[in-house]
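# Breakdown of the fold
Now for the letters of each chain:
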Amino acid sequence: MNLYLHLQPENVRFSDYFYSLKPSFLAKTKAVYLAILFGLSSPSSMAPNSPILLPYSGNSGIDSQGTTSPTSLIPWGWDAGLKIRRVAGYYPGSPVYFESCPDGVGGKCYGSIPNRSGFYTLAYGSFSYKDKVGPTGKLSCIPNEAENPNAPNDRILMEPHPSEPVGTPPVKGRCPYFFYWRNNGGSPSAYLINDSSSLPQIPFGYGSFYIGLQENLKTYAGTYGGLDHRNRVMTPLYAWVQGVRLKLRAKVCFADKTQDLYRKIRVHTDMTFYSLKSRRGFGVSVNLMDYVINQGKISTLPELFHEPKVAEYSLAQLHVNGKLWNVTPQDLKFTVDQSSNCNLPLKDLPFQDVYIPFKAIFERLIAEGKIDRRLTEDAILSSTIVVGLEQWGRNRSEVEISDRSILISLPPIAW
């Protein structure tokens, strides 16, 4: 979900103002800056920022000469390490609004945790071809609804492409989306399921099903976002950000739909930046793993795909195949659950530790002329997809993620 940065005038606290200052001014106030940046005015909900050791090899970077080793970086953000269990839908007024906030106020987010105060967004819905179908929840369903055996199994989940014959029916079925917080040895993890395996018809030519754990700004009236564009802990400058570190495990299962000729599943992580001056954005989605069947044959996603520009968001979004770009481990892949009822427990699979060198990816795209260098000069991190699970066809896919951090190098004025 790409969100346009819509700045709304309001009273600004000193700490908000300070985080929004340009580096040239901050350079003149180094001592005060460091004190505020690393302690005196840190939000109370923020995890401590300290160096961490990460596994790193030459196989996980674009260019070993131009890629910063993650061992020299520090975790950053309002929730470094994925420790705070607060996630909410982006549209609280939607009839299919969902939240899961064990670490909220009284177990709640909306109505208790204000906008821009640090929480994740859960996006869910079908990316199809009509305005009323999408991750806005207008034609979606409530995650975890299908836990109830009496839940509806005829939800309208997706409508056909206009090129399909007149009268082509919509895709109907039970709600495919599930989200849970888990505990792994005292450390939280986010567990997402996308299950379209029970659909009576193959949703080929309709679009995709998506569920994703995200970080988003509040944009328009009626939206609910956890990031604050004025706070450089939440929205660091492009110049600071180097990459993302996370642990994940994932599986796919096809149950009795193994003979379907078409399916596509991807797990991805994204970063989007926004130039405050030009009001234009640029982003990259890195496919961490994929599973593709095309006309019955195993295939893969393209090395690079450029999404059509979304005029409303003034955003250029590119998709990068992590393996083909040599930015993710070559052995990072789905486990295929071959059981007839998809009962292989995901918790029995090992986590894989992954570092994604976003800065090196962006810099290559800039060098190739696919992103305008000028946009990076004042750009802030405006949204992320911590982990997204998108699929086409009839599948059950699961992913679990933990210990995720944005990694930055110290701002130049702090050396």
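On to helix H4 (residues 358–367). Most of H4 sits inside the fold, with seven of its ten residues counted as buried. Buried-residue contacts for H4 involve strand E10 (241–253), strand E11 (262–275), strand E12 (280–294), strand E14 (304–306), strand E15 (315–321) and strand E17 (352–356). Immediately downstream of H4, the backbone of Gly369 shows phi near 80°, a positive value.

So, about the state of the cysteines. A full pass over the atoms with the stated rule returns three disulfides. One disulfide in the model links Cys101 with Cys109; its S-S distance is 2.0 Å. Looking down the S-S bond of the Cys101 and Cys109 bridge, the torsion is -110°, so its handedness is left-handed. Classification of Cys109 as buried rests on a relative accessible area of 0%.

Next up on the list: the pairing of strand E7 (residues 177–184). Pairing analysis gives eight bridges linking E7 to strand E8 (residues 187–195), with the strands arranged antiparallel. Within the sheet, the bridge partner assigned to Phe179 lies in E8 and is Leu192.

The subject of this paragraph is the pattern of salt bridges. According to the stated counting rule, one finds 23 salt bridges in the structure shown. The partner of Asp260 in a salt bridge is Arg394, with the nearest N and O atoms 2.9 Å apart. Of this pair, Asp260 sits in the loop between E10 and E11 while Arg394 is found in the loop between strand E18 (379–392) and strand E19 (396–408), placing the two residues 134 residues apart along the sequence. A salt bridge links Asp348 to Lys347, with the nearest nitrogen and oxygen atoms 3.6 Å apart. Note on accessibility: Asp348 and Lys347 belong to one class, exposed. Here the salt bridges do not stand alone but share partners, grouping Arg174, Asp195, Lys251, Asp337, Arg396 and Glu398 into one network.

Before going further, it helps to examine the environment of Gly281. Here Gly281 is to be found in strand E12. C-alpha of Gly281 to C-alpha of Ser382: the two residues are 101 residues apart in sequence and 8.6 Å apart in space.

Another aspect to go through is the environment of Arg373. Mapped onto the elements of the fold, Arg373 is located in the loop between H4 and E18. Residues within four places of Arg373 in sequence aside, it is in contact with Glu363 and Ile366. A polar contact of 2.8 Å, which involves the side chain of Arg373, links it to the side chain of Glu363.

Calculation criteria
Residues numbered from 1 in each chain as written. Predicted model: local features only at pLDDT ≥ 70, side-chain atom pairs only at ≥ 80, totals over all residues. Heavy atoms only, no water. Buried < 20%, exposed > 50% of the residue type's maximum accessible area, 1.4 Å probe, protein only. Helix = DSSP H or I, 4+ residues; strand = E, 2+ residues; numbered from the N terminus. Contact = heavy atoms within 4.5 Å. Disulfide = S-S within 2.5 Å. Pairing = 2+ DSSP bridges. Salt bridge = Lys/Arg side-chain N within 4 Å of Asp/Glu carboxyl O. Polar contact = N/O pair within 3.5 Å; in protein donor to acceptor, adjacent residues only side chain to side chain.

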